[in-house]
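Residue-level structural notes
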Amino acid sequence: EFYGCGMLFYNIRNLKLSSLTVKDPSQYGMTLDTVSYFTVEDVTFDYNMGNPIPANMDGVHLDGNCHYGVIRNLQGNCYDDLVALNAHEGSQGPITHITIDGIYADRCHSAVRLLLVSEEVSNIHITNVHGTYYQYCIGVTKFYPGETTGQFDALTFDNIYASKGLPLRLGGWQVPPK
């Protein structure tokens with residue numbers, strides 16, 4: 001079955017992805033689900049084709065049950081979140097002990113999104129974020145309707161140098177702000 005991801009990793013311990021360019025996936029550049037002790041570093045996102053409607057095109061997308069990870073030195077633009085920590089998706093479970101260090105983008109949707117419904121997202125450190133973002137720089141959110149019983153805990157954000165960016169234009173079609 002094809003999920004539209006450039007890369008999909010499930011149930012892995014000790015994973016390293018480095019020195020990559022992700023070009024025009026039809027959905028997420030890479031998805032990690034139930035992955036622990038991982039490093040994703042030195043990744044460039046080059047999205048300018050792929051999905052006919054540029055939506056749901058994250059760069060690094062963590063689903064539930066991801067722990068002890070380092071994501072660093074990401075650059076380029078995605079039509080959605082450069083990094084998404086979505087505990088309610090995939091295997092649905094906690095996301096803990098993640099460091100995100102070094103994001104560089106211009107006129108991108110957002111740098112990082114943290115999402116939960118009934119899960120835990122904790123011990124997250126986001127640092128050295130630079131660029132312009134037309135939706136938000138960092139979002140701590142819920143998306144699904146209904147009661148949220150999950151918990152965000154021990155979130156640290158520092159060295160953030162970001163401002164509002166204009167939406168990208170794609171072949172005459174403008175990516176609308178949400």
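Use the structure listed above.
Every residue gets a number counted from 1 within its own chain, in the order that chain's sequence is written. For this predicted model, a pLDDT threshold of at least 70 governs which residues receive local features, and a threshold of 80 or more governs which side-chain atom pairs are given and counted, while totals over whole chains, interfaces and linings are taken from all residues. To obtain the side-chain values, all non-hydrogen atoms of the structure were used and water was disregarded.

**Focus on the packing of aromatic side chains**
Keep this limit in mind: Side-chain rings of Phe, Tyr and Trp (the six-membered ring for Trp) are treated as a pair once their centres are within 6.5 Å; stacked means planes under 30 degrees apart, edge-to-face means over 60, and tilted covers the remaining angles. Only DSSP runs of H or I covering at least 4 residues are called helices, and only runs of E covering at least 2 are called strands; the numbering of each starts at the N terminus. Note on exposure labels: buried denotes an accessible area under 20% of the residue type's maximum, exposed denotes more than 50%, and partly exposed covers the range between, all computed with a 1.4 Å probe on protein chains only.
The full count for this structure, using the stated rule, is three aromatic pairs. Relative to Tyr68, the ring of Tyr37 lies with its centre 5.0 Å away and its plane at 5°, an arrangement referred to as stacked. Within this pair, whereas Tyr37 is found in strand S2 (residues 30-46), its partner Tyr68 is found in strand S4 (residues 66-77), the two being separated by 31 residues in sequence. When its relative accessible area of 40% is taken as the criterion, Tyr68 is described as partly exposed. One aromatic cluster in this structure is built from Phe45, Tyr47 and Tyr79.

**Some details on a nonpolar patch on the surface**
Defined as follows: To count toward a patch, a residue needs a relative accessible area over 30% and no salt bridge; like charges are then connected within 9 Å, while nonpolar side chains (Val, Leu, Ile, Met, Phe, Trp, Tyr) are connected within 5 Å. All accessible areas in this document rest on Shrake-Rupley with a 1.4 Å probe, and a residue is counted as covered only by the protein chains that are shown. Any Lys or Arg side-chain nitrogen found within 4 Å of a carboxyl oxygen on Asp or Glu counts as a salt bridge.
Residues Val140, Phe157 and Ile160 make up a contiguous nonpolar surface patch of roughly 220 Å² in combined accessible area. The residue Ile160 is located in strand S8 (residues 151-164) in this model.

**Quick word on the side chain of Ser110**
As a reminder of what qualifies: Counted as a polar contact is a pair of N or O atoms within 3.5 Å, where, for protein atoms, one must be capable of donating a hydrogen and the other of accepting one, and residues adjacent in sequence contribute only when both atoms are in side chains. Pairs of residues are marked as contacts when any of their non-hydrogen atoms sit within 4.5 Å.
Tracing the chain through its elements places Ser110 in strand S6 (residues 95-115). Engagement of the side chain of Ser110 in a polar contact is seen with the side chain of Asp81, the distance being 2.4 Å. Only 2.8 Å separates the side chain of Ser110 from the side chain of His109, close enough to count as a polar contact. Each residue touching Ser110, except ones within four places of it in the same chain, is listed here: Asp80, Asp81, Leu82, Tyr133, Tyr136 and Cys137.

**Section: the pattern of salt bridges**
The full count for this structure, using the stated rule, is four salt bridges. We note a salt bridge from Glu41 to Lys16, for which the minimum N-O separation is 3.3 Å. Placement of Glu41 in strand S2 and of Lys16 in strand S1 (residues 7-23) is noted, with a sequence separation of 25 residues between them. Taking the relative accessible area as the measure of exposure, Glu41 reaches 10% and is therefore buried. Residue classification places Lys16 among the exposed residues on the basis of a relative accessible area of 56%. Here the salt bridges do not stand alone but share partners, grouping Lys16, Glu41 and Arg72 into one network.

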